[in-house]
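If you want the building blocks of each chain, they are given just below.
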Amino acid sequence: MVKDMPVDVGLIYEGERIRKQNMYVDLGGPKSKGAELLQVVPLEKVKDGRVSVIGPDLPEMKEEGIYPFGIFMEVAGSKLEQDIEGVFERRIHEFTNYIQGFMHLNSRNTIWCRVGKESAKKGLKLTHVGLALMELFKAAFDVIERMQVTFYTGDKIDAFLEDAKAVYGKRDSRIRGLKDEDVDVFYGCALCQSFAPQHLCTITPSRTSSCGSISWFEGRAAAKVDPKGPIFEVPKGQLLDPEKGEYSGPNEATTRKSSGAVTRVYLHSIFEHPHTSCGCFEAIGFYIPDVDGIGVVSRDFPGLTPFGIPFSTMAGQAGGGVQSDGFVGMAVDYLRSPKFLQADGGWNRMVWLPKALKERIGGDIPEAVKEKIATEEDAPDLPKLKEFLKAKAHPVVQRWNGGAAKPAEAVAAAQQEGPAMALPELQVPISGFPMAGQAGGGVQSDGFVGMAVDYLRSPKFLQADGGWNRMVWLPKALKERIGSDIPEAVKEKIATEEDAPDLPKLKEFLKAKAHPVVQRWNGGAAKPAEAAAAAQQEGPAMTLPELQVPISGMPMAGGGISITFKNAKIYAEKIIITRGEKRQ
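Residues numbered from 1 in each chain as written. Predicted model: local features only at pLDDT ≥ 70, side-chain atom pairs only at ≥ 80, totals over all residues. Heavy atoms only, no water.

1. Re helix 1 (residues 85–96)
Part 1 of the reasoning: For helix 1, built from 12 residues, the straight-helix expectation of 16 Å at 1.5 Å per residue is met to within 8% by its first-to-last C-alpha distance of 17 Å.
Part 2 of the reasoning: The buried fraction of helix 1 is high, at 12 of 12 residues.
Part 3 of the reasoning: All buried positions along helix 1 are accounted for by Glu 85, Gly 86, Val 87, Phe 88, Glu 89, Arg 90, Arg 91, Ile 92, His 93, Glu 94, Phe 95 and Thr 96. (Helix = DSSP H or I, 4+ residues; strand = E, 2+ residues; numbered from the N terminus. Expected span 1.5 Å × (residues − 1). Buried < 20%, exposed > 50% of the residue type's maximum accessible area, 1.4 Å probe, protein only.)

2. Some points on the nonpolar core
Part 1 of the reasoning: Counting 67 residues, the largest nonpolar core has Leu 27, Phe 88, Phe 102 and Phe 137 as its most contacted members.
Part 2 of the reasoning: The greatest single-element share of this core, amounting to 7 residues, is contributed by helix 3 (residues 126–140).
Part 3 of the reasoning: If we skip the residues at most four places from it in the chain, Phe 88 touches Leu 38, Val 75, Leu 80, Phe 137, Phe 141, Val 143, Ile 144 and Val 225.
Part 4 of the reasoning: The next biggest cluster of nonpolar side chains, apart from the first, holds 25 residues, and it includes Val 297, Phe 301, Ala 318 and Trp 352. (Core = buried A, V, L, I, M, F, W, Y, C linked by side-chain atoms within 4.5 Å. Contact = heavy atoms within 4.5 Å.)

3. A closer look at unusual backbone geometry
Part 1 of the reasoning: Phi at Arg 108 is positive, roughly 45 degrees, even though this residue is not glycine.
Part 2 of the reasoning: With respect to the helices and strands, the residue Arg 108 is situated in the loop between strand 6 (102–105) and strand 7 (112–116).
Part 3 of the reasoning: Taking the relative accessible area as the measure of exposure, Arg 108 reaches 4% and is therefore buried.
Part 4 of the reasoning: In this structure, Leu 462 takes a positive phi of about 40 degrees despite not being glycine.

4. Regarding the sheet that holds strand 15 (residues 293–298)
Part 1 of the reasoning: Taken in spatial order, the 4 strands of this open sheet run 16-14-15-17, and their pairing is mixed. Since the sheet does not close on itself, it has two edges, and those belong to strand 16 (327–330) and strand 17 (350–352), each with one partner. Strand-to-strand, the axes of this sheet are offset by a mean angle of 35 degrees, without reference to chain direction.
Part 2 of the reasoning: Bridge analysis of strand 14 (residues 283–288) against strand 15 gives 6 bridges, and the strand direction is antiparallel. Bridge pairing links Phe 286 to Gly 295 in strand 15.
Part 3 of the reasoning: Helix 7 (residues 311–318) contacts strand 14, strand 15 and strand 16 of the sheet and is inclined by roughly 85 degrees relative to strand 14. (Pairing = 2+ DSSP bridges. Axes fitted to C-alpha atoms, helices over the stretch in contact; angles between N-to-C directions.)

5. Notes on the sheet that holds strand 9 (residues 185–189)
Part 1 of the reasoning: On the basis of which strands lie adjacent, the open sheet formed by 3 strands has the order 10-9-11 and antiparallel pairing. Edge positions in the sheet fall to strand 10 (201–203) and strand 11 (231–235), since each of these pairs with one other strand and no more. Between one strand axis and the next, the sheet turns by 35 degrees as a mean value, whatever way the strands run.
Part 2 of the reasoning: Bridge count between strand 9 and strand 11: 5 bridges; the pairing is antiparallel. When the bridges of strand 11 are listed, Val 185 appears paired with Pro 235.
Part 3 of the reasoning: Helix 5 (residues 216–225) contacts strand 9, strand 10 and strand 11 of the sheet and is inclined by roughly 75 degrees relative to strand 9.

6. Re the packing of aromatic side chains
Part 1 of the reasoning: On inspection of all chains with the given rule, the structure shows 20 aromatic pairs.
Part 2 of the reasoning: Aromatic pair Phe 137 and Phe 141: ring centres 6.3 Å apart, planes at 35 degrees, arrangement tilted. Each of the two residues, Phe 137 as well as Phe 141, counts as buried.
Part 3 of the reasoning: Both rings, one in Phe 286 and one in Trp 352, keep their centres 6.3 Å apart while their planes meet at 55 degrees; by these two values the pair is tilted. (Phe/Tyr/Trp six-rings, centres within 6.5 Å; stacked < 30°, edge-to-face > 60°.)

7. Some points on the pattern of salt bridges
Part 1 of the reasoning: Under the defined criterion, the tally for this structure stands at 22 salt bridges.
Part 2 of the reasoning: Among the salt bridges present, the one from Arg 114 reaches Asp 26, with a minimum N-O distance of 2.6 Å. Taken together, the residues Arg 114 in strand 7 and Asp 26 in strand 1 (residues 23–28) connect sequence positions 88 residues apart. For the pair Arg 114 and Asp 26, a shared accessibility class is recorded, and that class is buried.
Part 3 of the reasoning: Salt bridges sharing common partners tie together Glu 85, Glu 89 and Arg 171. (Salt bridge = Lys/Arg side-chain N within 4 Å of Asp/Glu carboxyl O.)

8. Overview of the environment of Met 134
Part 1 of the reasoning: Structurally, Met 134 is set in helix 3.
Part 2 of the reasoning: Between the C-alpha atoms of Met 134 and Arg 50, which are 84 residues apart in sequence, the distance is 9.4 Å.
Part 3 of the reasoning: In this view, Met 134 contacts Gly 49, Arg 50, Val 51, Met 147, Gln 148 and Val 149; residues no more than four positions away in its chain are not counted.

9. Notes on the state of the cysteines
Part 1 of the reasoning: Applying the stated criterion to the full structure yields 0 disulfides.
Part 2 of the reasoning: Cysteine Cys 201 remains unbridged, with the sulfur of Cys 189 as its closest cysteine sulfur at 6.2 Å.
Part 3 of the reasoning: Note on Cys 201: relative accessible area 6%, which makes it buried. (Disulfide = S-S within 2.5 Å.)

10. Examining the packing of helix 1 against helix 3
Part 1 of the reasoning: Put simply, helix 1 and helix 3 touch, their axes get as near as 10 Å, and they point 115 degrees apart. When you trace helix 1 past helix 3, the crossing you get is right-handed. On helix 3, the residues that touch Phe 88, Arg 91, Ile 92, Phe 95 and Thr 96 of helix 1 are Leu 133, Leu 136, Phe 137 and Ala 140.
Part 2 of the reasoning: A class-by-class count of the residues in the contact of helix 1 with helix 3 yields 7 nonpolar, 1 polar and 1 charged. (Left-handed = near helix turned anticlockwise from the far one by under 90°. Nonpolar A, V, L, I, M, F, W, Y, C, P; charged D, E, K, R; others polar.)

11. With respect to the pairing of strand 8 (residues 146–152)
Part 1 of the reasoning: The buried fraction of strand 8 amounts to 6 of the 7 residues, a majority that puts the element mostly inside the structure.
Part 2 of the reasoning: Looking at chain direction, strand 3 (residues 50–54) and strand 8 are connected through 5 bridges and run parallel. Note on strand 8: the bridge partner recorded for Ser 52 is Thr 150.
Part 3 of the reasoning: Two elements, strand 5 (residues 69–76) and strand 8, share 7 bridges in a ladder whose sense is antiparallel. Of the residues in strand 8, the one forming a bridge with Gly 70 is Tyr 152.

12. Some details on the confidence of the model for the chain
Part 1 of the reasoning: Mean pLDDT for the chain: 81, with 81% of residues reaching 70 or above.
Part 2 of the reasoning: For the stretch residues 404–434, pLDDT sits under 50, and the model shows 57 contacts to residues farther than four places along the chain or on other chains.
Part 3 of the reasoning: With pLDDT under 50 throughout, residues 524–562 is counted as low confidence; its partners more than four residues away or in other chains account for 49 contacts. (pLDDT = per-residue confidence, 0-100.)

Next comes the structure, spelled out in structure tokens:
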């Protein structure tokens, strides 16, 4: 796609993950600092095609090193307006991920990029990355007449970072006087569906995109400039619940874009049907049942929440496009919204924030509760959080002694009646099982294997197991991505999530399409039912490693957890539940 590159560039590499063992260098990320910024400037200020690297370029970096990273793109065009800056800036995430061996995560001043060893060996430089970005942007947007790119990898990142934050703040302030009721249409963003197929971000005046990059104004500009792009109009439709922020229009758009996996979304509540998230969110809201309050942890907070777990662990619960009752990804700017979790009590329900985040948004926290919200210095764990809230007479304490039961009484009642808030089901092995944990960690798990997408194009792709004649299911986006490499004889016989969202429908689909595996049922191999019966006599065909659930650190209500296994037979010599050691 892009000329004079030492590596390939194309859509097929979007979603490629570079694991630590294959890492050449990390750029930005949680152990360093970084930012990306795109600005519209006058034509005369841009030297078209220029790429500058201020600091060491990739060949000059030490392998396995971690470096600061800034991306500054300046674009010019007679038809460009400043409203489009945030939209174009968000597309940096998409286009950098087209580059083989270059991974881009997050947005704004939380970006985390990683370069793979193989691409570094081939001679990839940041100069090449800049040239690829300019060509991709110009191919996508003909309104861009000139572009130049500057990368920061050294000490000068600090000044660039401050400039970028000032621009972000100016952009964000524009939307604060506008409310959801003031507009006729919302916007949807599907930019991150390559990483989270079930996720659709609904952007409203009162709820900026979870990554913090796209406000309602920028969504409007994006839909105008690129009508067929990943950001599009979403009719508001009927207002179904004014407190929770449920509208028929976003529900319909989310249902369509998630292929029916998510059908209802509450824009302003953390419970029941919270807004989905991909993984680029700036912060996570989480329910703390021990005190019946809500906390928020930001991506840049390196410590532990009162549950004794960090942001990174909690991100697995909130991300991936899955709705998890009591968890929601959000932009930091959403905390400034007048509709901030209004259905759940808003700021009167907020009990914990990292100190840095509290200081950052301090001017927008209501004075009546500002000093009653704990930080990691006041409450590093749940017992101290409870003590702090009592001492400060936080509004949630009235919920314990007034209309709501005291925490201890609520736990006792929950033990009799069941948990007040059930964690998402853990379903084995097909429906919702966290499969990455099964294939990773250097453990050999029979029936699971991690692989590059490009391995599916190999003539030796799982040849010992039947190769493509044994392939029965692929995500639709992946099937389309590698479609030309799938043998025509089986291409239409391989199901996607639209054809087979569960096992019974998968079996029906394979029979209807006369997939080659059906012959295994009726021919040389045992039928599925017979194979299951044999497994009951002979023992499990696949042994899972230990499943360890850290109860003391798990956000849950009622003091319990429900684990449901579906379509699975469990063989266990013993099950042990223990109380974890208290963290020091």
